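The residues making up each chain are set out below.
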Amino acid sequence: MERAAGGVSYQRFPRVRIRELKDDYAKFELRDTDASMANALRRVMIAEVPTVAIDLVEIEVNSSVLNDEFIAHRLGLIPLTSAAAMAMRFSRDCDACDGDGSCEYCSVEFHLAARATDSDQTLEVTSNDLRSTDPKVCPVDQARAYQHALGGTEPFDTAAAADQRGILIVKLRRGQELRLRAIARKGIGKDHAKWSPAATVTFMYEPEIRINEELMETLTLEEKRNLVESSPTKVFNIDPNTQQVVVEDAEAYTYDDEVIKKADAMGKPGLIEINAKEDSFIFTVETTGAITAYELIMNAITVLRQKLDAVRLQDDDADLGELGAHLVGG
Amino acid sequence: MQLHRDPNVLFAGYKLPHPLQYKILVRVHTANQSTPTQAYTQAINDLDKELENLKQAFEDEKIRYEERPKQGY
């Protein structure tokens, strides 16, 4: 089979501008690429970037009010720090173990033991009671509390204090007990949403708003006010000095067409024109805390490249069969 | 989409013959300056390079972003 030697490249060079980057949040502009690339990135971030989550639970004692599978499900949904997930193996193709139990390459074991003893108060069993056998993988709020104790740089606010109570698993009454062993495995959001590192990933087209200034001059101040008010989101405003209609926040526009309809109703079609820039996207990425937003983006690119490798034609592609012969012949 | 950027490609499309069967048919028709395999491989290589480039762009932009507060933005 011939190689693509001498083929002309139609490669694009996308540009990126980060507007905001926090541990679990990112907002950035992506330009000079098309919707298929933006959407592929979004979908990979949501459903194909691997994380670690509890997948197998062996309950030793459970006398709580919740049944075993209810607790197992709740454990699965606890986000675990997954920075190491990309380098881990899926337990289904791990050859160091039978894929059922624990080996260091594909799984992490957790233990939980809680018993409500004497007091009349209910005991809250939270993610803080989970004991990990691997310090790299633990519930995200435990990791945050640990970071906090280490650095202590950020001011201790009430939100952080609330975080440190952990994620509630079950409440125990006096005499009730919960003891279990859990195995966390690598997985992807496509198999089960508990493995999705993304809380939300969205992108919007950047709007391009053009005001026909000539036509706008024919409007009275009252009409301009009505026009500005007709947009459900605050996209336009009136300059207090020049009394001109100006674009205040183009990105607040939700493609609702309200101002355009208003302009038509006022008998001034073409007063405002709004187009979506087809090659310019504004992304917002929020993660569950399992990995940072930056890691999520980078891992998504890596995963997407792996997927491209999977659809490459092999030199000895037997599947092509007669089609291959046909292609060479043609 | 990447295939459509190639002027030698006359037709490019895909279909999923059955939603429960994990098999996709890609149809590529090219002009005689190119071959479908050539166009297909080229499109994948271009996408791969685009992503490589994007990754680098992100790394550079992250460094630039972290520099911004120091420059009094």
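Reading guide: rules and limits
- Residues numbered from 1 in each chain as written.
- Chains lettered and ligands numbered in written order.
- Predicted model: local features only at pLDDT ≥ 70, side-chain atom pairs only at ≥ 80, totals over all residues.
- Heavy atoms only, no water.
- pLDDT = per-residue confidence, 0-100.
- Axes fitted to C-alpha atoms, helices over the stretch in contact; angles between N-to-C directions.
- Helix = DSSP H or I, 4+ residues; strand = E, 2+ residues; numbered from the N terminus.
- Parallel < 35°, antiparallel > 145°, perpendicular 65-115°, else oblique.
- Left-handed = near helix turned anticlockwise from the far one by under 90°.
- Contact = heavy atoms within 4.5 Å.
- Nonpolar A, V, L, I, M, F, W, Y, C, P; charged D, E, K, R; others polar.
- Expected span 1.5 Å × (residues − 1).
- Buried < 20%, exposed > 50% of the residue type's maximum accessible area, 1.4 Å probe, protein only.
- Buried area = accessible area lost by both parts, 1.4 Å probe.
- Salt bridge = Lys/Arg side-chain N within 4 Å of Asp/Glu carboxyl O.
- Polar contact = N/O pair within 3.5 Å; in protein donor to acceptor, adjacent residues only side chain to side chain.
- Pairing = 2+ DSSP bridges.
- UniProt positions renumbered as here; feature names shortened; annotations may be inferred.

Chemist: Summarise the confidence of the model for chain B; cite the residues concerned and give the values.
Modeler: Predicted confidence across chain B gives a mean pLDDT of 87, with 95% of residues reaching 70 or more. Taken together, the chains of this predicted complex give a pTM of 0.83 and an interface ipTM of 0.88.

Chemist: Provide a residue-level description of the packing of helix H8 (residues 293–310) of chain A against helix H1 (residues 36–67) of chain B, including the pertinent values.
Modeler: Contact geometry of H8 of chain A with H1 of chain B gives a least axis separation of 10 Å together with a crossing angle of 165 degrees. One finds that H8 of chain A runs roughly antiparallel with respect to H1 of chain B. Between H8 of chain A and H1 of chain B the crossing geometry is left-handed. Judged by residue contacts, Tyr-294, Ile-297, Met-298, Ile-301, Thr-302, Leu-304, Arg-305 and Leu-308 of chain A of H8 of chain A engage Ile-44, Leu-47, Asp-48, Leu-51, Glu-52, Leu-54, Lys-55, Phe-58, Glu-59 and Lys-62 of chain B from H1 of chain B. When its residues are assigned to classes, the contact of H8 of chain A with H1 of chain B shows eleven nonpolar, one polar and six charged.

Chemist: Could you give an account of H8 of chain A, naming the residues involved and the relevant values?
Modeler: Taking 1.5 Å of rise per residue, the 18 residues of H8 of chain A would be expected to cover 26 Å, and the 26 Å separating its terminal C-alpha atoms lies within 8% of that figure. For H8 of chain A, the set of buried residues is Ala-293, Tyr-294, Leu-296, Ile-297, Met-298, Asn-299, Ala-300, Ile-301, Val-303, Leu-304 and Leu-308 of chain A. Looking at the buried side of H8 of chain A, the elements it contacts are strand E1 (15–22), strand E2 (25–31), helix H1 (35–47), strand E9 (198–211) and strand E12 (272–287) of chain A together with H1 of chain B.

Chemist: Please set out the interface of chain A and chain B residue by residue, giving values where relevant.
Modeler: Taken together, the contact between chain A and chain B spans 38 residues of the former and 31 residues of the latter. Interface area for chain A against chain B, summed over the two sides, is near 3,600 Å², with a carbon-plus-sulfur share of 63%. Our count for the contact surface shared by chain A and chain B stands at four salt bridges. Between Arg-305 of chain A and Asp-48 of chain B there is a salt bridge whose closest N-O contact spans 2.8 Å. At the junction of chain A with chain B, the criterion picks out twelve residue pairs in polar contact (both at pLDDT 80 or more). With eight residues, H8 of chain A is the single largest residue contributor to the side of chain A that touches chain B. Considered class by class, the residues forming the side of chain A that touches chain B number 23 nonpolar, six polar and nine charged.

Chemist: Break down the sheet that holds strand E6 (residues 131–132) of chain A for me, citing the residues and quoting the values.
Modeler: All names here are of chain A. Read from one edge to the other, the open sheet built from four strands follows the order E3-E8-E4-E6, with strand pairing classed as antiparallel. Two strands bound the open sheet, and with one partner strand each, they are strand E3 (51–62) and E6. Across ten bridges, E3 lies against strand E8 (residues 177–187) in antiparallel orientation. Among the inter-strand pairings, Asn-62 is bridged to a residue of E8, identified as Leu-178.

Chemist: Can you break down the UniProt feature "coiled-coil region" (unreviewed entry) in chain B residue by residue, with the values?
Modeler: As annotated in UniProt, the feature "coiled-coil region" (unreviewed entry) corresponds to residues 37–68 of chain B in the numbering used here. Between the end C-alpha atoms of residues 37–68 of chain B the distance is 46 Å, and the span holds 97% helix and 0% strand.

Chemist: Quick rundown of the packing of H1 of chain A against H8 of chain A? Include the residues and the values.
Modeler: Residues and elements named next belong to chain A. The contact between H1 and H8 brings their axes to 9 Å, and the two run at 110 degrees. It follows that H1 is roughly perpendicular to H8 by the angle criterion. Judged by residue contacts, Met-37, Ala-40, Leu-41, Val-44 and Met-45 of H1 engage Leu-296, Ile-297, Ala-300, Ile-301, Val-303 and Leu-304 from H8. Partitioning the contact of H1 with H8 into residue classes produces eleven nonpolar, no polar and no charged.

Chemist: Can you explain the pattern of salt bridges? Please cite residues and give values.
Modeler: All names here are of chain A. Evaluation of the coordinates by the stated rule reveals 30 salt bridges over all chains. As a salt-bridge pair, Asp-55 and Arg-185 come within 3.1 Å of each other at their nearest N and O atoms. Of this pair, Asp-55 sits in strand E3 while Arg-185 sits in strand E8, and the two are 130 residues apart along the sequence. What makes Arg-185 buried here is its relative accessible area of 11%. Among the charged side chains, a salt-bridge network with shared partners connects Arg-17, Arg-19, Glu-29, Arg-31, Glu-206, Glu-251 and Lys-277.

Chemist: Describe H1 of chain A, naming the residues involved and giving the relevant values.
Modeler: Along an α-helix, a turn takes 3.6 residues, which lines up residues three or four apart on a common side. Between its first and last C-alpha, H1 of chain A extends 18 Å over 13 residues, near the 18 Å set by a 1.5 Å rise per residue. Along H1 of chain A, the positions that sit buried rather than exposed are Met-37, Ala-38, Leu-41, Val-44, Met-45 and Ala-47 of chain A. Where H1 of chain A is buried, its residues touch E2, E9, E12 and H8 of chain A together with H1 of chain B.

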